[in-house]
2 protein chains.
Amino acid sequence: MTVVWQCQGVTSPAAPAGAVRQGSLRELNLALVLGRIAAARRPPSRAALAADTGLTRATVSAVVEDLVAGRLVTEADPTPRAGAGRPARGLMLAGDGPAGLGLEINVDYLAACVVDLAGQVRHHTVHRADLRPVSPAEALGQLAELAGRARVDAEAQGLTLAGAALGVPGLVDDAGRVRLAPNLGWRDVPVPELLADYPPLTERVDGVPPLAVDNEANLAALGELHSGTAPGSFLHISGEVGIGAGIVLDGALFRGTRGWSGEIGHIPVRPDGPPCRCGGRGCLELYAGQEAILSAAGLAGADLPADRASTRLTQLAAAEHPAVLHALTEAGTAIGVTVASVVNLLDLDTVVLGGGYAPLTGWLRPPVLAEIERRVLTAAWSPVTVRPATLGATAAAVGAAGSVVRRIIARPGGWLARL
Amino acid sequence: MTVVWQCQGVTSPAAPAGAVRQGSLRELNLALVLGRIAAARRPPSRAALAADTGLTRATVSAVVEDLVAGRLVTEADPTPRAGAGRPARGLMLAGDGPAGLGLEINVDYLAACVVDLAGQVRHHTVHRADLRPVSPAEALGQLAELAGRARVDAEAQGLTLAGAALGVPGLVDDAGRVRLAPNLGWRDVPVPELLADYPPLTERVDGVPPLAVDNEANLAALGELHSGTAPGSFLHISGEVGIGAGIVLDGALFRGTRGWSGEIGHIPVRPDGPPCRCGGRGCLELYAGQEAILSAAGLAGADLPADRASTRLTQLAAAEHPAVLHALTEAGTAIGVTVASVVNLLDLDTVVLGGGYAPLTGWLRPPVLAEIERRVLTAAWSPVTVRPATLGATAAAVGAAGSVVRRIIARPGGWLARL
DNA sequence: GTCATTTAATTCAACCACTGAACAAATAGC
DNA sequence: GCTATTTGTTCAGTGGTTGAATTAAATGAC
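Note that the structure is predicted; figures quoted are calculated from it, not measured.

**A closer look at the overall build of chain A**
Okay, step 1: A count of helical and extended segments in chain A gives 14 helices and 15 strands.
Okay, step 2: Contacts in chain A between residues at least 24 apart in sequence constitute 65% of all its contacts with a sequence separation of at least 6.
Okay, step 3: Per element, the accessible surface of chain A, about 16800 Å² overall, is 51% carbon and sulfur.

Encoded structure:
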């Protein structure tokens, strides 16, 4: 049995922009019902779905039959119900159907994980290594090995991988080429070509590339969206060596005209400030990037590996180290000025601090909120929530895997047609 | 014959998020075909539409029959074609069907206009008057009178008004209440209530309010979108007394969580700059607002009415008045810093300068582009276009009227069901 | 001038998916 | 055991699309 790869991109529009043929009706209702099952707290019955969606029970039954046949949905154990009547058979996402493979390349680690339809992480590997001195080809080779092991493990658990997504800390174009990943030292790296020796990651199925490559900040934001703890629109700021942001609007990632949205690290905080290596002046990264915080805290010479720096900062902050507290307040103020701009522009009510910022949220939040309150015109009527991300350090990998299964949930028709 | 009002909001999602019943199919295809007719350069034939949409010619014929019966589409004069074959009958949006009423209240004028389905402005009235000393109730009374005259004129031309939208220079909530319009001096003005004496503007039809109230910058951006000269995603900056922006993403206005997006005037340019009346410091409005430009140009004492200030600036700039040129360069730089932030964040490739900025584009563009090139990470690969708005001074009124007819084009089913 | 050719639009039987109502299944309460 | 109640399925009916055949209206060759 061959593995089916059908991921063609990370954002899922779910709107049938094109022609609405006869069968589209079924496709839309498959997506509708499956979406409700995915969103429900406890396994809903067919009758409940009918009441919820407005479809008739007959239609829901037919739709569910398709979904069960396609291994997307299973019936839960018959739970004892209160009151009279035939007991409902609860429906839930299948744990043994299609799954998504999520990959991540970052400055100091590689990660691979597998997430099933229900959102459970079924496999997770992190390979710590400084990737800066390694060539892109070699790094991708190591990644492919990780991917291969993840696949074996997934299949041993009865899962079928339905696609893969890869997060990188840089700008990615439509073809999956990494145009620029400054902190990794990559420039114009043709990821799909370099992975050509690993067919499962590159062989096209029906002309669709199996591997989606995207910015890690975008994928981390998607992961946060799918974790169910975030609202439909929010800004997710990833504080790694650089600072990236994922923008989620109305339940969908906003990727911009070329897919290069979220470059929040180079928003000018002080237009006449010190020069940044991007060519601008006074960019946010100069005030709230990892190096800037370490240097302001007097830890510049320590030369910590990137993943240690964050934990070290948290420890010192918890110990109320004065220079660290000051550095975090300064960083928070700079983030707050930038976030105020974003909120004035987009009217978002939630900001999620992710990556290295997540454990520092307790210290960053006060100055961020202070700047928002000072600078956002509508802050008085609509308070802005600032909270830490719920996914851990490899949020991008989990988000990448989640994006694959979310795509199936948003358009089950494509998956079912392949059986 | 009664006037039918069916406008319920300005943004048009067009996606059938809910249940997909039997009839939804027809509704979606009505929207699909009508949308293609609206977007086409020259009147397409049924056959061309079939090829374009992927529907069969039979289906297109049936759909078009409905659209013609509903007065949304008419057949164009049979144009002589090249080559053999039965001549195609071109289809175009009807000029005598439903139309939209657009209204605008601004600091120094009231405007009303009527736009037909094809986007033609069929009626246009501007009433110049300083609205600051006038009470909101009285201003709205004058507006209702303008609206009444527009309606009479529209009906004399055989048009049926299908809804109305009103643009105001301030923040509007879901209920149509103006929460804050600083330059007008309004605060918590319940527009629908104050218009209660003018039933055509407030009587609900099927529980739907006939009048949508929105920010003028949003409506001006929509007008620009519908004029067909702008791409699917762009930033529209309205330079009036204040500075507002409309954000169009993927062909739809982005309104934010509460509908208060686009407050670009209070994005901090210099976080430690002079205090702004919004409570923040160094806001864009302090560097590129009308007063700031006039003051920097040494024209602060002139006390020109708002509409004159813009023309005066244009004249002086054309005459190469040194202080004015300097003031415009300074303003353009501030705008450029802000736009750079927006482009870094959203990856837009087009910025439209509207309102008072439109005639000044020639002088504002160079400094804006210079800042973008310095500060936008991706500027080297994807150049940003900065261009003037194509609609005139009352862009918001035209955009408001356009939003009404665009809603019908996006969801013709609702309109047809009312016949 | 006639006729083949070509393209446009309509007609019609077939089919697909949803609807609504009737029916079967499974439980609680009396 | 019987009824009430709720779940889920079956089935005839219907709306809307499909695809092929047919009609319509022009050009161009002879």
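Continuing now.
**Here's the deal with the sheet that holds strand β9 (residues 186-190) of chain B**
All names here are of chain B.
Okay, step 1: What the three strands build is an open sheet, ordered β7-β8-β9; its pairing is antiparallel. On the outer flanks of this sheet lie β7 (171-172) and β9, each paired with one strand and no other.
Okay, step 2: Note that β7 and strand β8 (residues 177-181) share two bridges and pair antiparallel. Bridging across to β8, Leu171 finds its partner in Leu180.

**Thoughts on the protein's contact with DNA strand C**
Okay, step 1: By nearness alone, 26 residues border DNA strand C, and Asn29(A), Thr59(A), Ser61(B), Arg86(B) and Arg89(B) come closest of all.
Okay, step 2: Each atom of DNA strand C within 4 Å of the protein was classed as base or backbone; sugar and phosphate made up 70%.
Okay, step 3: Arg46(B) is positioned such that a nitrogen or oxygen atom in its backbone is 3.1 Å from a phosphate oxygen of DNA strand C.
Okay, step 4: Within the backbone of Arg86(B), a nitrogen or oxygen atom sits 2.8 Å from a base oxygen of DNA strand C.
Okay, step 5: Split into classes, the residues belonging to the surface near DNA strand C amount to nine nonpolar, 10 polar and seven charged.

**Structural notes on helix α4 (residues 136-156) of chain A**
All names here are of chain A.
Okay, step 1: Compared with the 30 Å implied by 1.5 Å per residue over 21 residues, the 30 Å span of α4 between its first and last C-alpha is a close match.
Okay, step 2: Along α4, the positions that sit buried rather than exposed are Ala139, Leu140, Gly141, Leu143, Ala144, Leu146, Ala147, Ala150 and Ala154.
Okay, step 3: Following α4 by one or two positions, Gly158 adopts a phi angle in the positive range, close to 85 degrees.

**Some words on the interface of chain A and chain B**
Okay, step 1: Taken together, the 59 residues of chain A in the interface contact 59 residues of chain B.
Okay, step 2: Both sides together, the interface formed by chain A and chain B hides about 5300 Å², and carbon and sulfur atoms give 63% of it.
Okay, step 3: For the chain A face of the interface with chain B, the top three residues by lost area are Leu345(A), Leu377(A) and Trp381(A), together amounting to 14%.
Okay, step 4: Taken together, the connections running from chain A to chain B amount to four salt bridges.
Okay, step 5: The interface formed by chain A and chain B contains 23 residue pairs in polar contact (both at pLDDT 80 or more).
Okay, step 6: Elements with a contribution of two residues or more to the side of chain A that touches chain B: α1 (24-39), β8 (177-181), β12 (243-249), α11 (322-346) and α12 (361-375) of chain A.
Okay, step 7: The element contributing the most residues to the side of chain A that touches chain B is α11(A), with six residues.
Okay, step 8: Broken down by class, the residue content of the side of chain A that touches chain B amounts to 28 nonpolar, 18 polar and 13 charged.

**Some thoughts on the protein's contact with DNA strand D**
Okay, step 1: Inspection of the region around DNA strand D gives 24 residues, with Gln22(A), Ser61(A), Gly85(A), Arg86(A) and Arg89(A) positioned closest.
Okay, step 2: In the interface set of DNA strand D, defined as its atoms within 4 Å of the protein, sugar plus phosphate atoms amount to 68%.
Okay, step 3: Between a phosphate oxygen of DNA strand D and a main-chain N or O atom of Arg46(A), the distance comes to 3.0 Å.
Okay, step 4: Residue Arg86(A) places a main-chain N or O atom 2.8 Å away from a base oxygen belonging to DNA strand D.
Okay, step 5: Within the residue set of the surface near DNA strand D, elements represented by two or more residues are α2 (46-53) and α3 (57-69) of chain A together with α1 (24-39) and α3 (57-69) of chain B.
Okay, step 6: Looking at side-chain class alone, the surface near DNA strand D contains seven nonpolar, 10 polar and seven charged residues.

**Some remarks on unusual backbone geometry**
Okay, step 1: The phi dihedral of Asp347(A) falls on the positive side, at around 55 degrees, and the residue is not glycine.
Okay, step 2: Here Asp347(A) is to be found in the loop between α11 and β14 (350-355).
Okay, step 3: Note on Asp347(A): relative accessible area 2%, which makes it buried.
Okay, step 4: Of note in the backbone geometry, Asp250(B) takes a positive phi value of approximately 50 degrees without being a glycine.
Okay, step 5: In this structure, Asp250(B) sits in the loop between β12 (243-249) and β13 (252-254).

**Observations regarding the sheet that holds strand β11 (residues 234-239) of chain B**
Sheets are built from strands paired through backbone hydrogen bonds, the pairs being either parallel or antiparallel.
Residue and element names in this part refer to chain B.
Okay, step 1: Strand order in the open sheet formed by five strands is β13-β12-β11-β14-β15, and the pairing between neighbours is mixed. Every other strand in the sheet has two partners, leaving β13 and β15 (385-388) as the edge strands with one partner each. Across the sheet, the mean angle separating the axes of adjacent strands is 30 degrees when strand polarity is ignored.
Okay, step 2: Bridging between strand β14 (residues 350-355) and β15 involves four bridges; their strand directions are parallel. Looking at β15, one finds that Leu353 is bridged to Pro388.
Okay, step 3: Docked against the sheet, helix α11 (residues 322-346) engages β11, β12 and β14, running at close to 155 degrees with respect to β11.
Okay, step 4: Here helix α12 (residues 361-375) sits on the sheet in contact with β14 and β15, set at roughly 165 degrees to β15.

**Examining α3(B)**
An α-helix turns once every 3.6 residues. As a result, residues three or four positions apart point the same way.
Residue and element names in this part refer to chain B.
Okay, step 1: Here α3 contains 13 residues, and its C-alpha end-to-end distance of 18 Å stays within 8% of the 18 Å for a straight helix at 1.5 Å per residue.
Okay, step 2: Residues of α3 that are buried sit in contact with α1, α2 (46-53), β1 (73-75), β2 (91-93) and α14 (412-417).
Okay, step 3: Remark: Arg71 follows α3 within two positions and exhibits a positive phi of approximately 60 degrees.

**Structural notes on the environment of Ser61(A)**
Okay, step 1: Residue position: Ser61(A) is located in helix α3.
Okay, step 2: A C-alpha to C-alpha distance of 6.5 Å links Ser61(A) and Arg46(A), two positions 15 residues apart in sequence.

What counts as what
- Residues numbered from 1 in each chain as written.
- Chains lettered and ligands numbered in written order.
- Predicted model: local features only at pLDDT ≥ 70, side-chain atom pairs only at ≥ 80, totals over all residues.
- Heavy atoms only, no water.
- Helix = DSSP H or I, 4+ residues; strand = E, 2+ residues; numbered from the N terminus.
- Contact = heavy atoms within 4.5 Å.
- Areas by Shrake-Rupley, 256 points an atom, 1.4 Å probe, with all protein chains shown as cover.
- Pairing = 2+ DSSP bridges.
- Near = heavy atom within 4 Å.
- Polar contact = N/O pair within 3.5 Å; in protein donor to acceptor, adjacent residues only side chain to side chain.
- Nonpolar A, V, L, I, M, F, W, Y, C, P; charged D, E, K, R; others polar.
- Expected span 1.5 Å × (residues − 1).
- Buried < 20%, exposed > 50% of the residue type's maximum accessible area, 1.4 Å probe, protein only.
- Buried area = accessible area lost by both parts, 1.4 Å probe.
- Salt bridge = Lys/Arg side-chain N within 4 Å of Asp/Glu carboxyl O.
- Axes fitted to C-alpha atoms, helices over the stretch in contact; angles between N-to-C directions.

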